[in-house]
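Summary of the model geometry
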Amino acid sequence: MSESLGAYPAEQTMASIESPPSIPFGSTITRLPGLSRPAPLVKGDTIGVVAPSYAPQQGWLLRGVKAMEEAGFNVLLDTEIDRFRRFQQREDERRAACLMAMWSNPEVKAIITATGGYGAVRLLPFLDPDVFRRSPKAFVGYSDITALHLWLMRRAQVRVFHGPTLDDLAPGGTDATFISLLSALTSPRPDLRLGYNTVRAVRPGVAVGRLTGGNLSLVQQTVGTPYEIDTRDAILFLEETRDPMSVVDERLLHLRAAGLLRHVRGIVFGQLSLDRSEEDEFEDFLLDLLSDLDVPILMDFPAGHEVPNLTLPLGTEIELVADEETGWLSYHEDALAFSEDRPRLSLV
């Protein structure tokens, strides 16, 4: 049974949450040998739901709650989830405190964001990396949540998941988005060829690297910050929505100028729901921009702002395969720390 809106346990309410120390944007990044792995989910686990960006529409939110409950999970909604957003520092501190309180709750085994929108980047100065580093948990979202994904990987050294927000889910559990989410959160290394027969290969090749990226505009915003995206020896995934192509061009040029495309091992473009009126041959335009990068490139990977939105393990080493026509991504290492004393969740 899910908690109703505003029904967060009393000991975790805002009145009992201390404001975290702010993290100066010029502080030094401490890099660890690797990113920590969260534990896989099993039936009966509790999933926490937070809203670091916009407040979700209640009807869509509760639809997603029902979907997760039908899959065998308990759902705990943050007490601030439907609070009106004012995007002032005091409100940013509240949302940051709510995220850390949910993460620190020992009953919560994974966290899914309620929706995207705007506002996640405003939380970052008020988050304490040690809170997240001490207890790695699967953290899922996309779009605006990219800011938190990249911050968590760089500042807290935890793996995260680019995948649907709760308001994207519906009861039934038979669509590709939902099945992909369950697979990613319950199996340490799903034996899948993600995107096969739907992805287009525009430059053939094979590459292995750590997957990183997300929404292009949020990726660009990290340049020059302590949580700047780490693209060294990485498979770079990028998706975008609504922007005109000239803006996409500008953002990619910025990544090039910052040296962030120089050492990638492969590039995966997800769903690019763009205004293409400025350029008919988008693929030629894109390949010209990346012509000096001798790496495999995939287009139209089914992840981003359209359906399906497959779940991707950011921070995990994957293999990118691009043949003459199609391609796919597959796990090259475990994304989750499987414990033998916890039974696997059956997806049947």
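All of the points below concern the structure found in this document. (Residues numbered from 1 in each chain as written. Predicted model: local features only at pLDDT ≥ 70, side-chain atom pairs only at ≥ 80, totals over all residues. Heavy atoms only, no water.)

Description of the sheet that holds strand β11 (residues 312–314)
Rules: Think of it this way: DSSP has to see at least two bridges between two strands before they count as a pair. Strands here are runs of E lasting at least two residues and helices are runs of H or I lasting at least four, both read from the DSSP assignment and numbered beginning at the N terminus. Convention adopted: a line fitted to C-alpha atoms gives each axis, helices being fitted over their contacting stretch, and angles between N-to-C directions are expressed from 0 to 180 degrees. Residues count as neighbours in contact if any of their non-hydrogen atoms are within 4.5 Å of one another.
Read across the sheet, six strands follow the order β2-β1-β3-β4-β5-β11 without closing on themselves; strand pairing throughout is mixed. At either end of the open sheet lies a strand with only one pairing partner, and these are β2 (74–77) and β11. With direction set aside, neighbouring strand axes in the sheet form an average angle of 30°. By the bridge criterion, five bridges tie strand β1 (residues 46–50) to strand β3 (residues 108–113) in an arrangement that is parallel. Paired with Ile47 across the bridge in β3 is Ala110. Contacting β1, β2 and β3, helix α1 (residues 58–70) crosses the sheet at an angle of about 150° to β2. The sheet contacts of helix α2 (residues 89–104) involve β1, β2, β3 and β4 (138–141), and relative to β1 the element is tilted by about 175°.

Quick word on the environment of Pro226
Our working definition: Note on classification: 1.4 Å probe, protein chains only; a residue is buried when its accessible area is under 20% of the maximum for its type, exposed when over 50%, partly exposed between these limits.
Its location among the elements puts Pro226 in the loop between α6 (216–221) and β8 (234–244). Judged by its relative accessible area of 6%, Pro226 falls in the buried class. Residues Pro226 and Arg155, spaced 71 residues apart in sequence, show a C-alpha to C-alpha distance of 7.8 Å.

Section: the pattern of salt bridges
Applicable threshold: Salt bridges are identified by distance alone: a Lys or Arg side-chain nitrogen within 4 Å of an Asp or Glu carboxyl oxygen.
What the rule picks out here adds up to 16 salt bridges. Of the charged contacts in the structure, one is a salt bridge between Asp92 and Arg122, with a shortest N-O distance of 2.8 Å. Separated by 30 residues along the polypeptide, Asp92 in helix α2 and Arg122 in the loop between β3 and α3 (129–134) bring together distant segments of the chain. For Asp92, a relative accessible area of 3% translates into the label buried. Classification of Arg122 by relative accessible area gives partly exposed; the value is 26%. The structure contains a network of salt bridges with shared partners spanning Glu80, Arg83, Glu91 and Arg94.

Examining the packing of aromatic side chains
To be explicit about the condition: Two rings from Phe, Tyr or Trp (for Trp, the six-membered ring) form a pair when their centres sit within 6.5 Å of each other. Planes less than 30 degrees apart are called stacked, planes more than 60 degrees apart edge-to-face, and all others tilted. Note on geometry: a ring has a charge over it if NZ (lysine) or CZ (arginine) is within 6 Å of the ring centre and within 35 degrees of the ring normal.
Within the structure shown, the criterion is met by six aromatic pairs. Here Trp103 and Phe139 contribute two aromatic rings whose centre-to-centre distance is 6.0 Å and whose plane-to-plane angle is 45°, an arrangement assigned as tilted. Here Trp103 is found in helix α2, whereas its partner Phe139 is found in strand β4, with 36 residues between them in sequence. One exposure class covers both Trp103 and Phe139, and it is buried. Grouped by ring-pair contacts, the aromatic residues Trp103, Phe132, Phe139 and Trp151 constitute a single cluster. Looking at Arg193, its charged tip hangs above the ring of Tyr196, at a distance of 4.0 Å from the centre. Above the face of the Trp328 ring, Arg193 is positioned so that its terminal group lies 4.7 Å from the ring centre.

With respect to the nonpolar core
Formally: What we call a nonpolar core is a set of buried Ala, Val, Leu, Ile, Met, Phe, Trp, Tyr and Cys residues that are connected through their side-chain atoms within 4.5 Å.
In this structure, Met68, Leu127, Phe132, Phe139, Leu152, Phe269 and Leu329 are the most contacted members of the largest nonpolar core, which totals 100 residues. The element that contributes the greatest number of residues to this core is helix α4 (residues 146–155), accounting for six residues. What Leu329 contacts, discounting residues up to four positions off in sequence, is Leu192, Arg193, Leu194, Val268, Leu298, Phe301, Leu312, Ile318, Glu319 and Leu320.

Quick notes on α2
Convention followed: Expected span, for any helix, means 1.5 Å times one less than how many residues it has.
Here α2 spans 22 Å end to end across 16 residues, near enough to the 22 Å set by a 1.5 Å rise per residue. Counting buried positions over the 16 residues of α2 gives twelve, a clear majority of the element. Turning to α2, its buried residues are Glu91, Asp92, Arg94, Arg95, Ala96, Ala97, Cys98, Leu99, Met100, Ala101, Met102 and Trp103.

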